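Observations on the model geometry
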Amino acid sequence: MSKEKLRIEPQRTCLGCHSSANKSDLFRLQWVDGEVGFTSSQKGVDGRSAYLHKNSVCMQRARDTGIIEKGLRLTSASNTENFLTKQIENLEVIATKVG
Ligand SMILES: [Zn+2]
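Residues numbered from 1 in each chain as written. Predicted model: local features only at pLDDT ≥ 70, side-chain atom pairs only at ≥ 80, totals over all residues. Heavy atoms only, no water.

1. Topic: the sheet that holds strand β3 (residues 26-32)
Overall, antiparallel pairing links the 3 strands, which are arranged β4-β3-β5 in an open sheet. Strands at the two margins of the open sheet, each flanked by one partner only, are β4 (35-38) and β5 (49-53). Strand-to-strand, the axes of this sheet are offset by a mean angle of 30°, without reference to chain direction. Relative to β5, β3 runs antiparallel, the two sharing 5 bridges. By the bridge assignment for β5, L29 is matched with A50. (Pairing = 2+ DSSP bridges. Helix = DSSP H or I, 4+ residues; strand = E, 2+ residues; numbered from the N terminus. Axes fitted to C-alpha atoms, helices over the stretch in contact; angles between N-to-C directions.)

2. With respect to unusual backbone geometry
A positive phi is found at H18, a non-glycine position, where the angle reads about 60°. Along the chain, H18 falls in the loop between β1 (11-13) and β2 (20-22). Of the residues examined, H18 reaches a relative accessible area of 53% and is grouped as exposed. Positive phi outside glycine occurs at R73, with the angle close to 55°. Along the chain, the position of R73 falls in the loop between α2 (67-71) and α3 (80-98). (Buried < 20%, exposed > 50% of the residue type's maximum accessible area, 1.4 Å probe, protein only.)

3. Things to note about helix α1 (residues 56-65)
Listing the buried residues of α1 in full gives S56, C58, M59 and A62. Along the axis of α1, the buried positions cluster into a sector of 160°, meaning they face one direction only. Facing away from the buried surface of α1 by more than 90 degrees, the exposed residues are D64 and T65. The residue sitting at the N-terminus of α1 and contributing the capping side-chain oxygen is N55; that oxygen lies 3.1 Å from the backbone nitrogen of V57. G66 lies just past α1 and shows a positive phi near 70°. (Arc of directions from axis to C-beta. Polar contact = N/O pair within 3.5 Å; in protein donor to acceptor, adjacent residues only side chain to side chain.)

4. A few points about the coordination of the zinc ion
For the zinc ion, every protein donor is listed as C14 (SG), C17 (SG), H53 (ND1) and C58 (SG), and the spread of their distances is 2.0 to 2.4 Å. Between the 4 donor atoms coordinating the zinc ion, the angles at the centre fall across 102 to 114°, so the site counts as tetrahedral. Between consecutive donor residues of the zinc ion, the sequence gaps follow C-x2-C-x35-H-x4-C. On the accessibility criterion, C58 (5% relative accessible area) is buried. (Donors = N, O, S within 2.8 Å, 3.2 Å for Na, K, Ca; no water. Tetrahedral: all angles 85-135°; square planar, octahedral: opposite > 155°, others 65-115°.)

5. Let's talk about the environment of C17
Within the fold, C17 resides in the loop between β1 and β2. Between the C-alpha atom of C17 and that of L52, which follows or precedes it by 35 residues, the distance is 8.4 Å. Contact partners of C17, with chain neighbours within four places excluded, come to H53, C58 and R61. (Contact = heavy atoms within 4.5 Å.)

Below you can see the structure in the form of structure tokens.
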């Protein structure tokens, strides 16, 4: 029952369902070199990042509402929609294999 084992993780808000979660449970999206992508780097390019749960429901919501573009303050056309669609497909393949 050591308290030292209970590490408090930084909390971030998922843009799909607007609930907070441990940072490590979320995907981190960033706008890098003109494209949206996941990054595990702690050094943000310019601090603009968005978080999403690692599930297709939250990703679909984020894609359908366009909230990632808003979260990353993107004004021009981006690859966000295609990118999220690809991730959702990947997750559904994994879910099918596991379930
Ligand atoms: Zn979520």
